[in-house]
Amino acid sequence: MEMHCKVTVYVRLSLFVLLSFSEYACFENLAFGRLSNQSSIYSALWGAAKAVDGDKRQEFFSSACAKTDVGKETASWNVDLGKIMSIHHVDIYYRKESDSEYESTYRGFFAGFSLYISNSTNPDSESLCYHRLQNGTNSPPSVMSIQCEMIGRYVTIYNERLPEQTYPEYYSSTAELELCEVEVYGCQGISQYGDYCLTCPSTCPDARCNMSTGSCFQCLDGFTGDNCTERDRCMANFFKIYLNALGNEGPFYRCPLAGRLLVTARN
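Residues numbered from 1 in each chain as written. Predicted model: local features only at pLDDT ≥ 70, side-chain atom pairs only at ≥ 80, totals over all residues. Heavy atoms only, no water.

**Side note on the pattern of salt bridges**
Counted under the stated rule, the structure contains 9 salt bridges. With a closest N to O distance of 2.6 Å, Arg 95 and Glu 178 form a salt bridge. Residue Arg 95 is located in the loop between strand E5 (74-94) and helix H1 (99-110), and its partner Glu 178 is located in strand E9 (residues 178-187); the two are separated by 83 residues in the primary sequence. A relative accessible area of 7% places Arg 95 in the buried class. (Salt bridge = Lys/Arg side-chain N within 4 Å of Asp/Glu carboxyl O. Helix = DSSP H or I, 4+ residues; strand = E, 2+ residues; numbered from the N terminus. Buried < 20%, exposed > 50% of the residue type's maximum accessible area, 1.4 Å probe, protein only.)

**Description of unusual backbone geometry**
Within the chain, Asp 206 stands out as a residue other than glycine whose phi angle is a positive 60°. Within the secondary structure, Asp 206 is located in the loop between strand E11 (198-199) and strand E12 (223-224). Even without glycine at this site, Ala 207 takes up a positive phi of about 55°. Mapped onto the fold, Ala 207 is located in the loop between E11 and E12.

**Overview of the nonpolar core**
Formed by 33 residues in total, the largest nonpolar core has its most connected members in Trp 77, Leu 81, Phe 113, Leu 115, Ile 157 and Leu 179. When residues of this core are traced back to their parent elements, those giving at least two are E5, H1, strand E6 (114-118), strand E8 (143-160) and E9. Examining the composition of this core, we find that 9 residues originate from one element, E5, more than from any other. Judged by nonpolar contacts, the second largest core, of 6 residues, contains Tyr 193, Cys 204, Cys 209 and Cys 228. (Core = buried A, V, L, I, M, F, W, Y, C linked by side-chain atoms within 4.5 Å.)

**Digging into the side chain of Asn 29**
Relative to the helices and strands, Asn 29 resides in strand E2 (residues 18-29). Residue class for Asn 29 comes out buried when judged on its relative accessible area of 3%. Within polar-contact distance, the side chain of Asn 29 engages the backbone nitrogen of Ala 31 at 3.2 Å. Within the structure, Asn 29 has its side chain in polar contact with the backbone nitrogen of Val 184 (distance 3.1 Å). (Polar contact = N/O pair within 3.5 Å; in protein donor to acceptor, adjacent residues only side chain to side chain.)

**Concerning the packing of aromatic side chains**
One pass over the full model with this rule turns up 9 aromatic pairs. Between the aromatic rings of Phe 110 and Phe 113, the centroid separation amounts to 4.6 Å while the plane-to-plane angle is 5°, which identifies the pairing as stacked. Across the pair, Phe 113 and Phe 110 agree in class, each one buried. Taking the centre distance of 5.8 Å and the plane angle of 20° together, the rings of Tyr 167 and Tyr 171 count as stacked. When its relative accessible area of 24% is taken as the criterion, Tyr 167 is described as partly exposed. Three or more aromatic residues joined by ring pairs make a cluster, and in this case those are Tyr 42, Trp 46, Phe 60 and Phe 61. (Phe/Tyr/Trp six-rings, centres within 6.5 Å; stacked < 30°, edge-to-face > 60°.)

**A look at the environment of Arg 107**
In this structure, Arg 107 sits in helix H1. Looking at Arg 107, the relative accessible area reads 5%, which means it is buried. Considering only alpha carbons, one finds Arg 107 and Pro 140, 33 residues apart in sequence, at a separation of 6.7 Å.

**Some details on the side chain of Glu 178**
Overall, Glu 178 belongs to the buried group, its relative accessible area being 1%. Setting aside anything within four residues of it in sequence, one finds Glu 178 in contact with Phe 60, Ala 66, Lys 67, Tyr 94, Arg 95 and Tyr 106. (Contact = heavy atoms within 4.5 Å.)

See the structure below:
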């Protein structure tokens, strides 16, 4: 199992005492050894699995990379995480060989790619995590770490060179992917957050929260605050919860804007 860890060292210095300790926080590489596929195969030596085998060498002829076939208008690669998981970031290692070779050749094939996090093998625009029309020297770099705070089962890298489109001059004329390693870091549960994969507050709807901070996207009725841990003091919301428990759903009460309790009947 591969992990992506960060180490924070805390030091407290007093007049007589020096105290120090380290805190370790890790995300798991969810893609390592998982089932992967690509749109075409250049050779059996460079199949899709080469991008999730833990070998980060950016050398094509060491058989460390996955490569799609040449001369295509589109190229794609994906990994199946096995179930829907919480994803924090994705690290991509592209074929490099040397700095000069990457700059003159392989950067043009990598440029313009899209990264998707989805629940199916057919991602749509809503599952897009990253896409950029690159321009300039060293863009994109051969190693990229892309933050994608999303949930999903499939991670897809896609590129295209469509004849009706105009691309920057240094882009390749055809679409190829040469991925030496793709690492997907996050938590195995969709109701987890943070470097330690803590459990989201139970007062978040469906126990879903922000992957970095743990704050709820919205609160269950009766709770408020960033983490939905504070009791809602609005009496109207209290009655709404009570009525909903009796089966009377809908907007029966609403909170005041200026300190008065306003009650509105449902039509």
